[in-house]
Amino acid sequence: MRRARGMKLAALALAGSLALAACASDETGSGGSGSGASGGSEDGPKIGLAYDTGGRGDKSFNDSAYAGVEAAIEADGGSVQELSPNSDASNRADLLTQLADQGFNPIIAVGFAYGDVIGEVAQQYPDVSFAIVDSTGVDVADNVTGLLFAANEGSFLGGVAAATKSETGHIGFVGGVETPLIQSFEAGYVAGARAVNPDIIIDRQYISPAGDFSGFNDPARGQVVAQGMFDAGADIVYAAAGGSGIGVFQAAAASNGRAIGVDSDQYETVGDPALQPVIMTSVLKRVDNAVEAYIGQFVDGTVEGGSDEVYDLASEGVGLSYSGGFIDDIQSTIDDYTQQIVDGEITVPETPTD
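Residues numbered from 1 in each chain as written. Predicted model: local features only at pLDDT ≥ 70, side-chain atom pairs only at ≥ 80, totals over all residues. Heavy atoms only, no water.

1. Re the overall build of the protein
In terms of regular secondary structure, the protein is built from 11 helices and 14 strands. Of all 354 residues assigned to the protein, the portion counted as buried reaches 58%. Long-range contacts, defined here as pairs at least 24 residues apart, represent 70% of the contacts in the protein between residues at least 6 apart. About 13300 Å² of surface is accessible on the protein, with carbon and sulfur atoms providing 46% of the total. (Helix = DSSP H or I, 4+ residues; strand = E, 2+ residues; numbered from the N terminus. Buried < 20%, exposed > 50% of the residue type's maximum accessible area, 1.4 Å probe, protein only. Contact = heavy atoms within 4.5 Å. Areas by Shrake-Rupley, 256 points an atom, 1.4 Å probe, with all protein chains shown as cover.)

2. A look at the nonpolar core
Counting 83 residues, the largest nonpolar core has Ile108, Phe156, Phe185, Tyr238 and Val291 as its most contacted members. Residues in contact with Val291, not counting those within four places in the same chain, are Ala65, Gly68, Val69, Ile108, Val133 and Leu147. The next biggest cluster of nonpolar side chains, apart from the first, holds 20 residues, and it includes Phe104, Ile118, Val128 and Phe130. (Core = buried A, V, L, I, M, F, W, Y, C linked by side-chain atoms within 4.5 Å.)

3. Quick word on the side chain of Thr53
With respect to the element layout, Thr53 can be found in the loop between strand 3 (46-50) and helix 2 (61-76). Exposure remark for Thr53: the relative accessible area of 19% places this residue in the buried category. At 3.1 Å, the side chain of Thr53 and the side chain of Arg92 are in polar contact. (Polar contact = N/O pair within 3.5 Å; in protein donor to acceptor, adjacent residues only side chain to side chain.)

4. Let's talk about the pairing of strand 7 (residues 144-149)
Counting buried positions over the six residues of strand 7 gives five, a clear majority of the element. Strand direction decides the pairing type here: strand 6 (residues 130-133) and strand 7, joined by four bridges, are parallel. Within strand 7, the position partnered with Ile132 by the bridge is Gly146. Sheet topology note: the strand 7/strand 13 (residues 307-311) ladder contains five bridges and is parallel. From the neighbouring strand, Leu148 faces strand 13, where its bridge partner is Val310. (Pairing = 2+ DSSP bridges.)

5. Some words on the sheet that holds strand 13
Pairing is parallel across the open sheet formed by six strands, whose spatial order is 4-3-5-6-7-13. Of all the strands in the sheet, the pair left with one neighbour each is strand 4 (79-83) and strand 13. Going across the sheet, the axis of each strand differs from the next one's by a mean of 20°, ignoring polarity. Here five bridges tie strand 3 to strand 4, and the two strands are oriented parallel to one another. Paired with Leu49 across the strands is Glu82, a residue of strand 4. (Axes fitted to C-alpha atoms, helices over the stretch in contact; angles between N-to-C directions.)

6. Considering the packing of aromatic side chains
Under the counting rule described, the total for this entry stands at nine aromatic pairs. Each ring, one from Phe112 and one from Phe213, has its centre 5.8 Å from the other, and the planes form 55°; the classification is tilted. Highlighted residues: Phe112 in the loop between strand 5 (107-110) and helix 4 (118-124) and Phe213 in the loop between strand 9 (201-208) and helix 7 (219-231), separated in sequence by 101 residues. Look at Phe112 and Phe216: their rings are 6.5 Å apart centre to centre, the planes differ by 75°, and that puts the pair in the edge-to-face class. Remark: Phe216 occurs in the loop between strand 9 and helix 7 and Phe112 occurs in the loop between strand 5 and helix 4; sequence separation between them is 104 residues. Taken as a pair, Phe112 and Phe216 share a single burial class, namely buried. Three or more aromatic residues link up through ring pairs in this structure, and these residues are Phe173, Tyr189, Tyr206 and Tyr238. Across from the ring centre of Phe213, 5.8 Å away, lies the NZ or CZ of Arg92, which sits over that ring. Positioned above the aromatic ring of Phe326 is the side chain of Arg258, whose terminal nitrogen or guanidinium carbon lies 4.5 Å from the ring centre. (Phe/Tyr/Trp six-rings, centres within 6.5 Å; stacked < 30°, edge-to-face > 60°. Lys NZ or Arg CZ within 6 Å of the ring centre and 35° of its normal.)

7. Things to note about the sheet that holds strand 14 (residues 318-320)
On the basis of which strands lie adjacent, the open sheet formed by six strands has the order 9-8-10-11-12-14 and mixed pairing. One side of each edge strand has no neighbouring strand; the edge strands of this open sheet are strand 9 and strand 14. Taking the axes of each pair of neighbouring strands and ignoring which way they run, one obtains an average angle of 15° across the sheet. This element, helix 5 (residues 151-165), spans strand 8 (170-177), strand 10 (236-240), strand 11 (258-263), strand 12 (279-285) and strand 14 of the sheet and lies at about 15° to strand 14.

8. What to know about helix 2
With 16 residues, helix 2 should cover 22 Å at 1.5 Å per step; its first-to-last C-alpha distance of 23 Å lies within 8% of that length. In terms of burial, helix 2 is a largely internal element, 13 of the 16 residues being buried. (Expected span 1.5 Å × (residues − 1).)

9. As for the packing of helix 5 against helix 6 (residues 180-196)
At a minimum axis distance of 6 Å, the contact between helix 5 and helix 6 shows a crossing angle of 40°. The pairing of helix 5 with helix 6 is recorded here as oblique in orientation. Here helix 5 runs over helix 6; the crossing is right-handed. Contacts between helix 5 and helix 6 involve Ala151, Asn152, Ser155, Phe156, Gly158, Gly159, Val160, Ala162, Ala163 and Thr164 on the former and, on the latter, Ser184, Phe185, Gly188, Tyr189, Ala191, Gly192, Ala193, Ala195 and Val196. Grouping the amino acids of the contact of helix 5 with helix 6 by side-chain chemistry returns 11 nonpolar, eight polar and no charged. (Parallel < 35°, antiparallel > 145°, perpendicular 65-115°, else oblique. Left-handed = near helix turned anticlockwise from the far one by under 90°. Nonpolar A, V, L, I, M, F, W, Y, C, P; charged D, E, K, R; others polar.)

10. A closer look at the confidence of the model for the protein
Confidence in the prediction of the protein, expressed as mean pLDDT, is 89, and 88% of residues score 70 or more. Residue range residues 1-31 is modelled with pLDDT below 50. Its contacts to residues more than four positions away, or to other chains, number 70 contacts. (pLDDT = per-residue confidence, 0-100.)

Set out below in structure tokens:
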């Protein structure tokens, strides 16, 4: 696998990109809501960015993708057009088609849910380069690249942190939607926690079932689910739930508990200083690095298509954040488990074992 181009591991740099994103003005496109990139130029690629449910402003997955685009534009110039799905996310194919018809290239689809439609759309536009985050490009179309992450490995470290810091021996996991992808977060988290404490109690619940993507954008329901875990004795809850994670943080604050964020450094992006103290760490999935690297490859003319780029612990594509200093005292433990995974001494499961 190629190393991610221009990796930026400083959380403040990512937070700065997200702050720029928050300032961009919104407009409406025929296929969904969209906005032009701040700081863009006519030189460089015209980038199309189709968001996952919740759109930009989710303080998580989508915002991280935007940060990667911003970094790429800063490095190589260009501009971006953003589109978000409608309320039931039934127009994903239309968003990709709209971007292609308007001359955007490359086009980046954020989220595995585009996996059902991107192949068919890409085949209609063979001269356009497409990428999809969290889904494969192999056997989809020759002009689609999959940007994949070893989310189970990052989540393993989150489980290690939770089990090491827990004072009750009881933790929780809130998943947004019960899909194989989010189950890989669960599997890694459980494995990591049990590596530290085989007897630890781990509550696990999903906000919505497979096929119902509302669980990624329902903070109220996320709060209810997490509150039940805190009430049952958990003192740390991991939220792998996109925009619903804010509800988990609110439940943690109300219960004097702690939470673990996901995808972005949510201590820096949560936007509410009152919630920062409860975000013990975040399991980073460096969507920003992957998106920036892909656009750099497009500019360099090295995009191959019909293949996948996998970002794991060894390539620093996943990991933990240390913002707030809450896990500084266990960094040596985290580093030890990280090295064991990189060296192949620990194989992290991708599916829950029970």
